[in-house]
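# Structural characterization, general
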Amino acid sequence: MTLSLDYAALSDVGRVRRNNEDSAYAGPHLLLLADGMGGAAAGEVASAAAVQVIRRLDTSGITGPDMMEALAGAVHRANERLSELVEEDPEREGMGSTVTALLFDGEHLGMAHLGDSRAYRLRDGLLYQLSHDHTFVQSLVDEGRISKEEAFTHPHRNLILRVLDGRPDSDPDLEMLDVQVGDRLLLCSDGLPDYVSDEVIVASMADGTPDSVVVELITHALEAGSNDNITCVVADVVETPPASGDQPQLVGAAAELAQGGTGRGEPTIAVRGHGGGDGHGGGAGLDPEELRYAPQAPKRFLWLRRLAVLVVVLALIGGGGWFAYSWTQKQYYVGTDGDYVAIFKGVDQEFPGLTLSNVYERQTLQVDKLPTYSREQVEGSIQADDLAGARTIVNELQRTADECAAKATTKPPTKPTTPPVTTPPVTTPPKTPVSKPPATVPASPSSTPADGSPDDCDGVR
């Protein structure tokens, strides 16, 4: 049985941001969302470029296991496109984008995911997160260090570990998923789940059409005080021809840039095929995104621009080193100074003839009082945002050491027996020989906690 998707997409710049860095696409065979990041208006360029490349997968010719290879190839091509954009304009250095894509062949879904945007499936009233966040906070949840409830309000919940940024190590998660009639799919940027609970999302997705659901979800995020862009793509798996038709939808930065503007712009635009046209000029049937990213004619006086760049680079070399060194001296990290934990000012790097860090505060906490995991972290150095952050890290390490010390004191002490006394030989044997029990060697206290939990005071010396 071949199924269809009934879909809707909507994006809102939010109440705080001046521009929308989210981009999304919805079509008969592809649901796609990208959340851009980076200064100098590069976030919207990154997400729009990613969508522009990956949306070419919206075709019926990709089925079964071939979807995994197609998704991986499209994400890599999008990554190469971001690298090209940075080369064209160095001010875009540091820009990137999340990518969450669902490719549909009528029977299965292929998913590619990179970053902290999310993919959900609502089935039989139960909401299931299909994607896995590539964030620092999620890594803490995976290791059992914090709960999902604590992650919802963690101050560093937006710190992303993996993202599409033009570098060669931007490999996505790939997975094949089953679908059935009645499934409702949701792709969303972090502006929704960071502020709206799963219970509210489930209630909003339980009823209504995809069009009404995207409006309701974004409304909930705005009412919850979301300070980010908010983008949602909702699709129902149906047996009948979709009520939304088969016209693709493009929203967010990709739509706004295609229309030649930024900001709120039009929330949704339809994407025309290459064969279409309305008769108003030779380029009317072309996709505006194709025109935007098409190769441009060579610019005049390119050699002069390159010479000017070279002169500027040479002029900055002398002062660049000093500014770099000054920057390192504003950094802080937690490491070891002999047997003790210490806060260092600078960066944990070594260069011949140059010292980039020094002890700023030596703590009373001994490294050996920490469990194995924490001790290895400190010995490898823990980077902090600032001095206050470094002190917070030390306080957390001290708390861990105190808890381990408290556990150690609650154990019943082992009383060592007195070793036997050896008397010198005498010529006359004693009248009454005395036999003493053999000495027992006191057992050293175990460093493994009674509950055997991993990383729970193990290795404390």
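Summarised in this report is the structure supplied together with it. For clarity, every value in this text was computed on a predicted model and none was experimentally measured.

### Considering unusual backbone geometry
Backbone geometry places Asp124, a non-glycine residue, at a positive phi of 55 degrees. Residue Ser381 is not a glycine yet carries a positive backbone phi of 80 degrees. Its place among the elements puts Ser381 in the loop between α10 (372-380) and β17 (382-384).

### Remarks on a nonpolar patch on the surface
A contiguous nonpolar surface patch, about 640 Å² in accessible area, is contributed by Leu307, Val309, Leu310, Val311, Val313, Leu314 and Ile317. Looking at the element boundaries, Val309 is found in helix α9 (residues 302-328).

### Looking at the nonpolar core
The biggest cluster of nonpolar side chains holds 36 residues, and the ones touching the most others in it are Leu32, Ile54, Leu57 and Leu164. At the level of secondary structure, the elements contributing two or more residues to this core comprise β3 (30-37), α1 (42-54), α2 (66-88), β5 (99-104), β6 (108-114) and α7 (253-258). Of the residues forming this core, the biggest block, 10 residues, is contributed by α2. If near-sequence neighbours (up to four positions away) are discounted, Ile54 is found in contact with Leu30, Leu32, Ala74, Val75, Ala78 and Val99. Counting residues in each nonpolar core, the second largest holds 22 residues, with Tyr7, Leu102, Leu130 and Ala235 among its members.

### Here's the deal with the side chain of His113
In this structure, His113 sits in strand β6. For His113, a relative accessible area of 1% translates into the label buried. There is a polar contact of 3.0 Å between the side chain of His113 and the side chain of Thr100. A polar contact of 3.0 Å, which involves the side chain of His113, links it to the backbone oxygen of Gly115. Residues in contact with His113, not counting those within four places in the same chain, are Val99, Thr100, Ser131, His132, Asp133, His134, Pro172 and Asp173.

### So, the state of the cysteines
Two cysteines form a disulfide when their sulfur atoms are joined by a covalent bond. Across all of its chains, the model carries one disulfide by this definition. The partner cysteine of Cys404 in its disulfide is Cys457, sulfur to sulfur 2.2 Å. Between Cys404 and Cys457, the S-S torsion sits near -95 degrees, and that sign places the bridge as left-handed. Residue Cys404 is located in helix α11 (residues 387-409), and its partner Cys457 is located in the segment after α11; the two are separated by 53 residues in the primary sequence.

### Let's talk about the layout of surface pockets
The calculated volume of the largest pocket comes to roughly 1,300 Å³. Elements with a minimum of two residues in the lining of the largest pocket: α3 (136-142), α10, β17 and α11. Shared between two domains, the lining of the largest pocket holds at least three residues of each, these being domain 1 (4-268) and domain 2 (332-408).

### Some points on the packing of aromatic side chains
Taken as a whole and assessed by the stated rule, the structure comprises two aromatic pairs. On the numbers, 5.0 Å between centres and 5 degrees between planes, the contact of Tyr333 with Phe344 is stacked. Of the two residues, Tyr333 is situated in strand β14 (residues 332-337) and Phe344 in strand β15 (residues 340-351); the sequence distance between them amounts to 11 residues. Accessibility assignment for this pair places Tyr333 and Phe344 in one class, buried.

### Things to note about the sheet that holds strand β1 (residues 4-12)
An order of β1-β11-β10-β7-β8 is seen for the five strands of this open sheet, with the pairing classed as antiparallel. Edge strands, defined here as strands with exactly one partner in the open sheet, are β1 and β8 (126-129). Neighbouring strand axes in the sheet, compared pairwise and without regard to direction, differ in orientation by 20 degrees on average. By the bridge criterion, five bridges tie strand β10 (residues 184-188) to strand β11 (residues 230-238) in an arrangement that is antiparallel. Each bridged residue has a counterpart across the sheet, and for Arg184 the counterpart in β11 is Asp236.

### Focus: the sheet that holds β14
Read across the sheet, four strands follow the order β16-β15-β14-β17 without closing on themselves; strand pairing throughout is antiparallel. Edge positions in the sheet fall to β16 (354-366) and β17, since each has one partner strand and no second. Taken pair by pair, the neighbouring strands of this sheet meet at an average axis angle of 40 degrees, ignoring direction. Sheet topology note: the β15/β16 ladder contains eight bridges and is antiparallel. Its bridge partner lying in β16, Phe351 is registered against Leu354. Seen against the sheet, α10 touches β14, β15 and β17 and runs at an angle of roughly 110 degrees to β14. Here α11 sits on the sheet and contacts β14, β15, β16 and β17; the angle it forms with β16, its principal contact strand, is near 35 degrees.

### Here we look at the packing of helix α5 (residues 198-205) against helix α6 (residues 210-223)
At a minimum axis distance of 9 Å, the contact between α5 and α6 shows a crossing angle of 155 degrees. Relative to α6, α5 is oriented roughly antiparallel. Judged by the sense of rotation from one axis to the other, the crossing of α5 with α6 is right-handed. For the pair formed by α5 and α6, the contact residues are Val200, Ile201, Ser204 and Met205 on the first element and Val213, Glu216, Leu217 and His220 on the second. Of the residues that constitute the contact of α5 with α6, the class distribution is five nonpolar, two polar and one charged.

Cut-offs used in this document
- Residues numbered from 1 in each chain as written.
- Predicted model: local features only at pLDDT ≥ 70, side-chain atom pairs only at ≥ 80, totals over all residues.
- Heavy atoms only, no water.
- Helix = DSSP H or I, 4+ residues; strand = E, 2+ residues; numbered from the N terminus.
- Patch = residues over 30% accessible without salt bridge, like charges linked within 9 Å, V, L, I, M, F, W, Y side chains within 5 Å.
- Areas by Shrake-Rupley, 256 points an atom, 1.4 Å probe, with all protein chains shown as cover.
- Salt bridge = Lys/Arg side-chain N within 4 Å of Asp/Glu carboxyl O.
- Core = buried A, V, L, I, M, F, W, Y, C linked by side-chain atoms within 4.5 Å.
- Buried < 20%, exposed > 50% of the residue type's maximum accessible area, 1.4 Å probe, protein only.
- Contact = heavy atoms within 4.5 Å.
- Polar contact = N/O pair within 3.5 Å; in protein donor to acceptor, adjacent residues only side chain to side chain.
- Disulfide = S-S within 2.5 Å.
- 1 Å grid on protein atoms, 1.4 Å probe; cavity = no way out; pocket = protein on both sides within 12 Å on 5 of 7 lines; lining within 4 Å.
- Points joined across faces, edges and corners; volume = space filled by probe spheres on them.
- Domains from an automatic or database assignment.
- Phe/Tyr/Trp six-rings, centres within 6.5 Å; stacked < 30°, edge-to-face > 60°.
- Pairing = 2+ DSSP bridges.
- Axes fitted to C-alpha atoms, helices over the stretch in contact; angles between N-to-C directions.
- Parallel < 35°, antiparallel > 145°, perpendicular 65-115°, else oblique.
- Left-handed = near helix turned anticlockwise from the far one by under 90°.
- Nonpolar A, V, L, I, M, F, W, Y, C, P; charged D, E, K, R; others polar.

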